[in-house]
Amino acid sequence: MWRECANRFNRWRYDLYAPVYDKVAQGFARHRRRSIGLLNPQPDERLLLVGAGTGLDLDFLVRCRHITAIDIAPAMLARLRERAAKLGMEVDARVMDGQKLDFPDASFDAVALHLTLAVVPDPRACLLEVERVLKPGGRVAVFDKFLADSGRAPLWRRAGNLLARAVATDINRRLGDIVSVTKLQPFHDEDAGFGGFLRIVLLRK
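Residues numbered from 1 in each chain as written. Predicted model: local features only at pLDDT ≥ 70, side-chain atom pairs only at ≥ 80, totals over all residues. Heavy atoms only, no water.

Focus on the overall build of the protein
Note the threshold: Every helix listed is a DSSP run of H or I at least four residues long, and every strand listed is a run of E at least two residues long, numbered separately from the N terminus. Exposure classes here rest on a 1.4 Å probe applied to the protein chains alone. A residue is buried below 20% of its type maximum, exposed above 50%, and partly exposed in between. Here, residues are in contact when the closest pair of their heavy atoms is within 4.5 Å. Only the protein chains shown count as covering a residue, and every accessible area follows the Shrake-Rupley method with a 1.4 Å probe.
Helix and strand content of the protein: six helices and seven strands. Along the protein, helices (α) and strands (β) appear in the sequence α-α-β-β-α-β-β-α-β-α-α-β-β when read from the amino end. Within the span of the protein, comprising 205 residues, buried residues form 52% of the whole. Taking as baseline every contact in the protein between residues at least 6 positions apart, the subset at least 24 positions apart corresponds to 70%. Accessible surface, the protein as shown: approximately 9,900 Å² in total, 56% of it carbon and sulfur.

Remarks on the packing of aromatic side chains
Short version of the rule: Pairing of aromatic side chains here covers Phe, Tyr and the six-membered ring of Trp, requires ring centres within 6.5 Å, and sorts the geometry by plane angle: under 30 degrees stacked, over 60 edge-to-face, intermediate tilted. Comment: the charge-over-ring label is applied if NZ (Lys) or CZ (Arg) is within 6 Å of the ring centre and within 35 degrees of the ring normal.
Scanning the model with the defined rule gives two aromatic pairs in all. Relative to F108, the ring of F103 lies with its centre 5.1 Å away and its plane at 85 degrees, an arrangement referred to as edge-to-face. The class for F108 is buried, based on a relative accessible area of 1%. R204 extends its terminal NZ or CZ atom over the ring of F187, reaching a point 3.9 Å from the ring centre.

Observations concerning the side chain of S35
By the element assignment, S35 lies in helix α2 (residues 29-39). Judged by relative accessible area, S35 falls into the buried class, the value being 0%. Excluding residues that lie within four positions of it along the chain, S35 makes contacts with H114, A141, F143 and I200.

Overview of the pairing of strand β1 (residues 46-50)
Condition: At least two bridges found by DSSP between two strands is the condition for calling them paired.
Taken across its five residues, β1 has four buried, putting it largely inside the fold. Alignment of β1 against strand β2 (residues 66-71), held across five bridges, turns out to be parallel. Across the sheet, L47 pairs through a bridge with I67, a residue of β2. Where β1 and strand β4 (residues 108-114) come together, four bridges link them in parallel fashion. Bridging from a neighbouring strand, V50 pairs with L113 of β4.

A few points about the pairing of strand β7 (residues 198-204)
The element β7 is largely enclosed, with a buried count of six among its seven residues. Across seven bridges, strand β5 (residues 134-145) lies against β7 in antiparallel orientation. Considered in β7, the bridge of K145 is made with L198. Two elements, strand β6 (residues 185-193) and β7, share seven bridges in a ladder whose sense is antiparallel. Paired with E190 across the two strands is I200, which belongs to β7.

Spelled out as structure tokens, the structure:
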């Protein structure tokens, strides 16, 4: 019940943010490009974008021919479809809950989770679903903001998180805690800025 309520809130607020989202999120363009470069999806591989938003990742995926993009906010996907059309790309864009993917097991070769795990109500459920739909040997690229796995959030960060969560995102999630419920294996982890506040991590099934 709590997750469905959170989903409704996310759908509402990201539909509301859709017209201005690009102006805010464009600042992460180099991080998206770096993450996708590390993921290195091949033209014939099946790629899934979870929490795809307005499709800012598409600029770096023009050679990929089998892209599926999901998001919980219809208004965000409407802009993604417009972007795909301008880029001359065919993208299967669907309104879907990232915590309950409507795909068969082992459907995708690669998955990108950009600024998603800090937003979905249950990031563990989301990553478990990603693991399920990923083919054996498949890769996952995660770009997001995380608390250090070994650290405890200072008081200012805990206080700031109250506002951050209401506006957009949780800034105090630990990626290690999320990955631990899966069998996915990290094989790359880099500081993407702000002293490790932003990270790019590659996982393999």
